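Topology and contacts: notes
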Amino acid sequence: MKKNLARTYCEYVLFADANVGPNEADSVLFGVRYGGTVSFRKGTENGPCAIREESWNFETYHWEHGTDLEKSRLFDAGDIGPFKTPDEMATSVCARAKELAHGNFLIMLGGEHSATPPVVEATKAKGAIVVDAHLDFRDSYHDSKNNHACATRRIAELVGAENVHPIGVRSICFEELADARRNGLKYATSVDVREKGIDKVIDDALAAVKGRPLYLSIDIDGIDPAYAPGTGTPEPWGITSLDAKRIVERLAPELVGMDVVEVCPACDNGDTASLAARLVREALAVRMKPPIGK
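All of these numbers come straight from a predicted model, not from anything done at the bench.

This brings us to the overall build of the protein chain. Along the protein chain, the regular secondary structure elements total nine helices and 12 strands. Against the compact-globule benchmark of 19 Å for 294 residues, the protein chain has a radius of gyration of 17 Å, which places it among compact chains. The buried share of the protein chain, taken over its 294 residues, is 58%. A separation threshold of at least 6 residues defines the contact pool for the protein chain, and within that pool the share at least 24 residues apart is 78%.

This is the structure in structure tokens:
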């Protein structure tokens, strides 16, 4: 049976099936209420709350994986933010993520994509796969290095450009394309996904990214706006929601952390937040499966 009543904690709704406290958890979730550098539609700071609310829509049992999230050891640590400046955000997010990591699988709900690099740093990930419509490889944007348009660049500075692999890209400015080539950043476009198939693209990404453990960042605009219209900078011709599911399904066992960012609830009727919640729950369900042979 579905749960039909969300428990409240302080001033927000808990993520569904966050059933344990911090000392019992093996997975910890927190939100970043920040949208200070968004460059088009506003409202990503409300993403974490919307994702939590939508998480209560789903069955606890995942029939594909034979796991039940009602038995998960997930702790919802709440939100941090808002923040006055991008630099304050980056410092605060990194500090909070370090407090929460400690061997846990760390999940961040955004908020804008600029919150991702501090979480990558906190988890001590050595490689990252990024789902994104945009390359986000600018060195700075609007006088800030912690702008959402610089997220992949900041991640690359942490783990090395050779250990970052964006998937679903279809929007690149001339300068960042030149920088990406100069720095050896490899990426897969949404056309690559369509022509090669998502599994081949994932295979290529895993082969390219040597660093382990991995971090997965899902900018929801990497998914086509037909499936995820509620985002700040939508780009047509994206990957499908099933492509995104497959990425999560295959990568989840190797991850030290993940996030879903750039959900802008005011831009649709809840469907994008629902997809974001389902992707998080997919990762949790896959990670609950016993290792092969056990």
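Our focus in this paragraph is the side chain of Asn 104. Relative to the elements of secondary structure, Asn 104 occurs in the loop between helix 2 (86–100) and strand 7 (105–110). A polar side-chain atom of Asn 104 sits 3.1 Å from the main-chain carbonyl oxygen of Leu 100. Setting aside residues up to four positions removed in sequence, Asn 104 forms contacts with Ala 25, Asp 26, Ser 27, Val 28 and Val 256.

Within the structure shown, the criterion is met by one aromatic pair. Of note, Arg 278 hangs over the ring of Phe 58, and the distance from its end group to the ring centre comes to 5.9 Å. Against the face of Phe 105 rests Arg 287, its NZ or CZ located 3.9 Å from the ring centre.

With that out of the way, let us pick up the sheet that holds strand 9 (residues 164–169). Strand order across the open sheet formed by eight strands is 6-3-7-12-11-8-9-10, with parallel pairing between neighbours. Since the sheet does not close on itself, it has two edges, and those belong to strand 6 (74–80) and strand 10 (188–189), each with one partner. Relative to strand 12 (residues 255–261), strand 11 (residues 214–219) runs parallel, the two sharing six bridges. Of the residues in strand 12, the one forming a bridge with Leu 214 is Leu 255. Sheet contacts for helix 3 (residues 116–123): strand 3 (27–32), strand 7, strand 11 and strand 12; angle to strand 11, the most-contacted strand, approximately 165°. Sheet contacts for helix 7 (residues 198–208): strand 8 (127–131), strand 9, strand 10 and strand 11; angle to strand 9, the most-contacted strand, approximately 160°.

This part covers the pattern of salt bridges. Tallied over the entire structure, the rule returns 22 salt bridges. A salt bridge links Asp 179 to Arg 153; the shortest N-O distance between them is 3.1 Å. Pair noted here: Asp 179 is in helix 5 (residues 174–183) and Arg 153 is in helix 4 (residues 151–159), with a separation of 26 residues, a long-range link. Classification of Arg 153 as buried rests on a relative accessible area of 14%. A salt bridge links Glu 282 to Lys 245; its shortest N-O distance comes to 3.3 Å. With Glu 282 in helix 9 (residues 271–288) and Lys 245 in helix 8 (residues 241–251), the pair connects residues that are 37 residues apart, well separated along the chain. A residue is classified by how much of its surface remains accessible, and Glu 282, at 1% relative accessible area, is buried. Each of Glu 64, Asp 199, Asp 203, Lys 245, Arg 246, Glu 249, Arg 250, Arg 278 and Glu 282 takes part in a single network of salt bridges with overlapping partners.

Conventions and cut-offs
Residues numbered from 1 in each chain as written. Predicted model: local features only at pLDDT ≥ 70, side-chain atom pairs only at ≥ 80, totals over all residues. Heavy atoms only, no water. Helix = DSSP H or I, 4+ residues; strand = E, 2+ residues; numbered from the N terminus. Rg over C-alpha atoms; globule rule 2.2 N^0.38 Å. Buried < 20%, exposed > 50% of the residue type's maximum accessible area, 1.4 Å probe, protein only. Contact = heavy atoms within 4.5 Å. Polar contact = N/O pair within 3.5 Å; in protein donor to acceptor, adjacent residues only side chain to side chain. Phe/Tyr/Trp six-rings, centres within 6.5 Å; stacked < 30°, edge-to-face > 60°. Lys NZ or Arg CZ within 6 Å of the ring centre and 35° of its normal. Pairing = 2+ DSSP bridges. Axes fitted to C-alpha atoms, helices over the stretch in contact; angles between N-to-C directions. Salt bridge = Lys/Arg side-chain N within 4 Å of Asp/Glu carboxyl O.

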